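Tertiary structure, described
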Amino acid sequence: MPDHSGRAADELLDIVDASDQVIGQVTRGEATARGLRHRCAAVFVRDGSGRIFVHRRTPEKLIFPSMYDMFVGGVVGAGETYDDAALREAEEELGVSGLARPVPLFSFLYEGTGAAAGHTWWSRVYEARCDLPVNPQAEEVAWHAFLTEEELAGRLPQWDWVPDGLEAYHRLQGLGEA
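Per chain, residue numbering runs from 1 following the sequence as it is written. Predicted model: local features are reported for residues with pLDDT of at least 70 only, side-chain atom pairs are reported and counted for 80 or more only, and whole-chain, interface and lining totals are derived from all residues. In computing side-chain properties, one takes all heavy atoms of the structure into account and sets aside hydrogens as well as water.

**Description of the confidence of the model for the protein**
When pLDDT is low, close inspection of the predicted coordinates is not appropriate. What counts is decided by this rule: Scored from 0 to 100, pLDDT reflects the predictor's confidence in each residue. Should any heavy atoms of two residues lie within 4.5 Å, those residues are counted as being in contact.
When pLDDT is averaged along the protein, the result is 91, and 94% of the positions lie at 70 or above. For residues 2-6, every residue scores under 50 in pLDDT, and the model assigns this stretch 20 contacts once sequence neighbours within four places are set aside.

**Let's talk about the pattern of salt bridges**
The cut-off we apply is this: By definition, a salt bridge exists where a carboxyl oxygen of Asp or Glu is found within 4 Å of a side-chain nitrogen of Lys or Arg. Put simply, DSSP H or I for four residues or longer makes a helix, DSSP E for two residues or longer makes a strand, and each gets a number counted from the N terminus. For every residue, the accessible area obtained with a 1.4 Å probe (protein chains only) is divided by the maximum for its type, and the residue is called buried under 20%, exposed over 50%, and partly exposed between those limits.
The final tally for this structure, using the stated rule, is 13 salt bridges. Across the pair Arg37 and Glu111 runs a salt bridge whose closest N-O atoms are separated by 3.6 Å. Of this pair, Arg37 sits in the loop between helix H1 (28-34) and strand E3 (38-46) while Glu111 sits in strand E7 (residues 103-111), and the two are 74 residues apart along the sequence. For Arg88, the salt bridge identified is with Glu89, shortest N-O distance 3.0 Å. Relative accessible area serves as the criterion here: at 25%, Arg88 is assigned to the partly exposed category.

**Remarks on the packing of aromatic side chains**
Let me state the cut-off plainly: A pair of aromatic rings is counted whenever rings of Phe, Tyr or Trp (Trp by its six-membered ring) have centres within 6.5 Å, and the orientation is called stacked for planes under 30 degrees apart, edge-to-face for over 60 and tilted otherwise.
Applying the stated criterion across every chain yields a total of 10 aromatic pairs. The interplanar angle of 65° and the centroid separation of 5.4 Å between the aromatic rings of Phe53 and Phe146 together place this pair among those described as edge-to-face. In this pair, Phe53 sits in strand E4 (residues 52-57) while Phe146 sits in strand E9 (residues 141-147), placing the two residues 93 residues apart along the sequence. For the pair Tyr68 and Trp161, a centre-to-centre distance of 5.9 Å together with 55° between the ring planes defines the contact as tilted. On the criterion of sequence distance, the pair formed by Tyr68 in strand E5 (residues 68-69) and Trp161 in the loop between helix H3 (149-155) and helix H4 (163-175) is long-range, its members being 93 residues apart. The same class applies to Tyr68 as to Trp161, namely buried. Ring pairs connect the aromatic residues Tyr68, Trp143, Trp159 and Trp161, which therefore count as one cluster.

**Side note on the pairing of E3**
Defined as follows: At least two DSSP bridges between two strands are needed for those strands to be called paired.
Among the 9 residues that make up E3, 9 are buried, leaving the element largely enclosed by the rest of the structure. By the alternation rule, side chains of E3 split into His38, Cys40, Ala42, Phe44 and Arg46 and Arg39, Ala41, Val43 and Val45, which are all buried. Across 9 bridges, E3 lies against strand E8 (residues 120-129) in parallel orientation. Bridge pairing in E8 places Ala41 opposite Arg124. Pairing between E3 and strand E6 (residues 72-75): 4 bridges, direction antiparallel. What sits directly across from Cys40, in E6, is Val75.

Encoded structure:
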């Protein structure tokens, strides 16, 4: 979900504590290098038929390159609200404008383990419907499709998924929303 690419390394982020309270600000590059907790918005997007937008990240991504994700989203900028970041990121990654504001569902503290150890952020998870033709950013998305629930379920054990997206997806299923 988060975009930590070099082109945005100078973007200023709010650094937050375990309770999601702002305790400072640093650049995105510094937050990534030092493993500082920040904020991210993740948007679960369905089309008018209820299919789920799934994509594979480009190999140039600094964090989780070439992995699959069932969310669009990214970091929340310094002073930006989760809600504003969710809409901005969804429109940017889907390549659309005029998307209805995503609906917030829940928040959770992501703390990476294994290959993702040292990565931590507060994730606010949203859902949105997109009936517009999508034109994803080439620098963000290497492949995309809208998949049915069954198609996505069949690919969960087959594809390498971004760990925070997979955790968010399992939590979302626990709510009965997916």
